[in-house]
Amino acid sequence: MGSLLDRLVVGLMPVVPKPIVRHFGKPYIAGSRVEDAVRVVRALNVSGAMATLDILGEHIHLEQEADLALAGYLSLLDTIRAEGLDANVSVKPTALGLQLDFEACVRRIDTLVTKAEGLNGMFVRLDMEDSSCTDATLELYRRLREKHANVGVVIQAMLRRSAADVAKLAEAKTNVRLCKGIYVEPRPVAYRERETVRASYIELLEILFRGGSYVGIATHDEHLVFHALRLIRFHGLRRDQYEFQMLLGVDEPLRRILVEAGHRLRVYVPFGESWYAYSTRRLKENPQMATTILKATLGLDKK
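Residues numbered from 1 in each chain as written. Predicted model: local features only at pLDDT ≥ 70, side-chain atom pairs only at ≥ 80, totals over all residues. Heavy atoms only, no water.

### Observations concerning the sheet that holds strand β7 (residues 242–247)
Spatial ordering of the closed barrel is given by β1-β2-β3-β4-β5-β6-β7-β8, a layout of eight strands whose pairing is parallel. Taking the axes of each pair of neighbouring strands and ignoring which way they run, one obtains an average angle of 30° across the sheet. Pairing of strand β1 (residues 50–55) with strand β8 (residues 265–271), which is carried by six bridges, proceeds in the parallel orientation. Its bridge partner being in β8, L53 is matched across the sheet by V269. Packing of helix α4 (residues 63–83) onto the sheet brings it into contact with β1, β2 (87–91) and β8, and relative to β2 it is tilted by some 170°. Running over the sheet, helix α6 (residues 134–145) touches β3 (124–126), β4 (151–156) and β5 (175–179) and is turned about 155° from β4. (Pairing = 2+ DSSP bridges. Helix = DSSP H or I, 4+ residues; strand = E, 2+ residues; numbered from the N terminus. Axes fitted to C-alpha atoms, helices over the stretch in contact; angles between N-to-C directions. Contact = heavy atoms within 4.5 Å.)

### Structural notes on the packing of aromatic side chains
Each aromatic ring pair is specified by the distance between its two centres and by the angle formed by the two planes. Evaluation of the coordinates by the stated rule reveals one aromatic pair. Aromatic side chains Y242 and F244 sit 6.1 Å apart centroid to centroid with 90° between the ring planes, which places their arrangement in the edge-to-face category. Just as Y242 is buried, F244 falls in that class too. (Phe/Tyr/Trp six-rings, centres within 6.5 Å; stacked < 30°, edge-to-face > 60°. Buried < 20%, exposed > 50% of the residue type's maximum accessible area, 1.4 Å probe, protein only.)

### Observations concerning the side chain of T134
One can find T134 in helix α6. Once you skip the residues sitting within four places of it in the chain, T134 turns out to touch M128, L159, R161 and D165.

Purely spatial values, then, with no claim about function.
Below, the structure is given as structure tokens:
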């Protein structure tokens, strides 16, 4: 955070009543039910955008919860197919038991990817979580990719290790979503300065493009969009060799600009009952919105 006020506002977020967080977090989440997600994705498709669906819920504590998460995703694949949506799915490995039993998590996600593969090769993205999960997630991805082509992973530009990770992924021409990263990490693990993270992002994107990877360019930073477009032109990439990715509810004008220019663009659409953690995380990234919420909580917005 850039200022003491921003840090103070973020620190106070846990005391904000949940109904207020739900109200202000609504733009970032499709809703609680799969029907809500279908409605949002259908509207995105009409506007020219694709989607990736994520059932909220991570860092579960019981194997039964992981089994329920798998069942939810298997059902979601059927829904995407039945509704004819231009969408794939993103899954957080901890929601399927990564931190409980690695081998059981591999089996669950293999079941998911296998089913998706049978539905015209529907794609499954392994989301990247905090740095404590990076090694396990990359190993999970390596294991799955030995058997399946319809699976991808995420790399976070803020992590100091990412250049080495990307070099390995680029060698295999893998499908990578490249994002800045949102988790609060210790300084030995992650870059802190905004411009350093930006520079890392551009370097990693160059390595991936040079290696022939398909990249989901996940950013709302117009500076990075500019450099992505520059690199796309430099490497002479066709429109089917990359895509831009954005979060639901974030910088919709930039989304429209990219879609209207003819670029493939996919919107990350989260939904489900576990909305609170995701909403507060999104709001912590947006101190201005968080400040608005605190004013509403204190009644200061009426003065």
